[in-house]
Amino acid sequence: MESSQENNSKFKKWFKRVGWAGFAFFTIKGLIWLVIFYFGADTLQSCIK
């Protein structure tokens, strides 16, 4: 139970430091990387055929 509260505290501290703009930036960046990997794998599969 204590480690859960500790993790929650670390997240709150990080979120206060970066704010909404940082949170949105990292979320969008992660989604862009997922799209790049998806289309990259799709392109490689079409090259192999």
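None of these values were measured; they are calculated from a predicted model.

## Quick notes on the overall build of the protein chain
Here is step 1 of the chain: Looking only at helices and strands, one finds 1 helix and 0 strands in the protein chain.
Here is step 2 of the chain: Taking all 49 residues of the protein chain together, 4% fall into the buried category.
Here is step 3 of the chain: Taken as a whole, the protein chain presents about 4,900 Å² of accessible surface, with 68% of it coming from carbon and sulfur.

## With respect to the packing of aromatic side chains
Here is step 1 of the chain: Throughout the structure, instances matching the rule amount to 4 aromatic pairs.
Here is step 2 of the chain: A centroid spacing of 5.2 Å and a plane angle of 75° characterise the contact between Tyr38 and Phe39, whose relative ring orientation is edge-to-face.
Here is step 3 of the chain: Owing to a relative accessible area of 56%, Tyr38 belongs among the exposed residues under this scheme.

## With respect to the environment of Thr43
Here is step 1 of the chain: Assignment of secondary structure puts Thr43 in helix α1 (residues 2-48).
Here is step 2 of the chain: At 2.7 Å, the side chain of Thr43 and the backbone oxygen of Phe39 are in polar contact.

## A word on the environment of Phe15
Here is step 1 of the chain: Of note, Phe15 is situated in helix α1.
Here is step 2 of the chain: Phe15 sits in the partly exposed class, given a relative accessible area of 21%.
Here is step 3 of the chain: In this view, Phe15 contacts Trp20 and Phe23; residues no more than four positions away in its chain are not counted.

## Observations regarding the UniProt feature "transmembrane region" (unreviewed entry) in the protein chain
Here is step 1 of the chain: UniProt records the feature "transmembrane region" (unreviewed entry) at residues 20-41, using the numbering of this structure.
Here is step 2 of the chain: With 100% helix and 0% strand, residues 20-41 has its two end C-alpha atoms placed 32 Å apart.

Calculation notes
Residues numbered from 1 in each chain as written. Predicted model: local features only at pLDDT ≥ 70, side-chain atom pairs only at ≥ 80, totals over all residues. Heavy atoms only, no water. Helix = DSSP H or I, 4+ residues; strand = E, 2+ residues; numbered from the N terminus. Buried < 20%, exposed > 50% of the residue type's maximum accessible area, 1.4 Å probe, protein only. Areas by Shrake-Rupley, 256 points an atom, 1.4 Å probe, with all protein chains shown as cover. Phe/Tyr/Trp six-rings, centres within 6.5 Å; stacked < 30°, edge-to-face > 60°. Polar contact = N/O pair within 3.5 Å; in protein donor to acceptor, adjacent residues only side chain to side chain. Contact = heavy atoms within 4.5 Å. UniProt positions renumbered as here; feature names shortened; annotations may be inferred.

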